[in-house]
Amino acid sequence: GQSLEQPSEVTAVEGAIVQINCTYQTSGFYGLSWYQQHDGGAPTFLSYNGLDGLEETGRFSSFLSRSDSYGYLLLQELQMKDSASYFCAAHSGNTPLVFGKGTRLSVIA
Amino acid sequence: NAGVTQTPKFRVLKTGQSMTLLCAQDMNHEYMYWYRQDPGMGLRLIHYSVGEGTTAKGEVPDGYNVSRLKKQNFLLGLESAAPSQTSVYFCASSYTAGEGYGYTFGSGTRLTVV
């Protein structure tokens, strides 16, 4: 089977940095994606890591370590609008994405 | 650009009733998916399609059927609704299944079965 583990909830202060971790167990793995979902909204694509290392997109960065079956999403200069759920998702073979259960991020003043 | 459009947005069904959820995309994507989202469960794949005329089962296919008669449309049917099918249903599409291509999701259908 395929599974991804991520914390269910994280709370951080506005302006701070927060890291959301994701560990995975998938066969045929070749990449990790991250999605953001605001309450009542649709998931939206944030980033993709196909190679080990850090990918940076503005305030958001994503990291992958294949040897550790581990990745994380890093959010810098947190803003209130970053309060949302964040999902990691594994790419394997030619099959659809398998999503983690999501991490609910609350940004407090 | 419309992207992925789902109809209806909300629906209440009685147990045993049937309905069809419609998903339409205007991005010429080959791949389309139906996921359901329940509290604490993340997104679980119901069925998917890798091209016009194809369908395949996902993780939780029981109680659902799908059809992809046209490339731009992917229909999800519930033949006899059950309370366990109360959920938020998301349709998504992608250019390929390959690396780097994100999924585009519709805004969701909130279904309640009473």
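As a reminder, the structure under discussion sits directly above these lines.
Quick caveat: nothing in here was measured; it's all calculated off a predicted structure.

Reading guide: rules and limits
Residues numbered from 1 in each chain as written. Chains lettered and ligands numbered in written order. Predicted model: local features only at pLDDT ≥ 70, side-chain atom pairs only at ≥ 80, totals over all residues. Heavy atoms only, no water. Helix = DSSP H or I, 4+ residues; strand = E, 2+ residues; numbered from the N terminus. Contact = heavy atoms within 4.5 Å. Polar contact = N/O pair within 3.5 Å; in protein donor to acceptor, adjacent residues only side chain to side chain. Pairing = 2+ DSSP bridges. Axes fitted to C-alpha atoms, helices over the stretch in contact; angles between N-to-C directions.

**Student:** Talk me through the environment of A:His38; I want residue IDs and the actual numbers.
**Tutor:** All names here are of chain A. Following the sequence through the fold, His-38 ends up in the loop between strand 4 (29-37) and strand 5 (44-49). Separated by 47 residues in sequence, His-38 and Ser-85 have C-alpha atoms that sit 6.2 Å apart. If we ignore the near neighbours within four places in the chain, the residues touching His-38 are Lys-81, Ser-83 and Ala-84. A distance of 2.8 Å separates a polar side-chain atom of His-38 from the backbone oxygen of Lys-81.

**Student:** Lay out the sheet that holds strand 7 (residues 64-67) of chain B in plain terms, naming residues and giving numbers.
**Tutor:** Residue and element names in this part refer to chain B. The strand order across the open sheet built from four strands is 1-3-8-7, with neighbouring strands paired in antiparallel fashion. Where the open sheet ends on each side, the last strands, each with one partner, are strand 1 (4-7) and strand 7. Taken pair by pair, the neighbouring strands of this sheet meet at an average axis angle of 20°, ignoring direction. Sheet analysis places strand 1 next to strand 3 (residues 19-25), joined by four bridges and oriented antiparallel. In the sheet register, Val-4 faces strand 3, and the bridge partner there is Gln-25.

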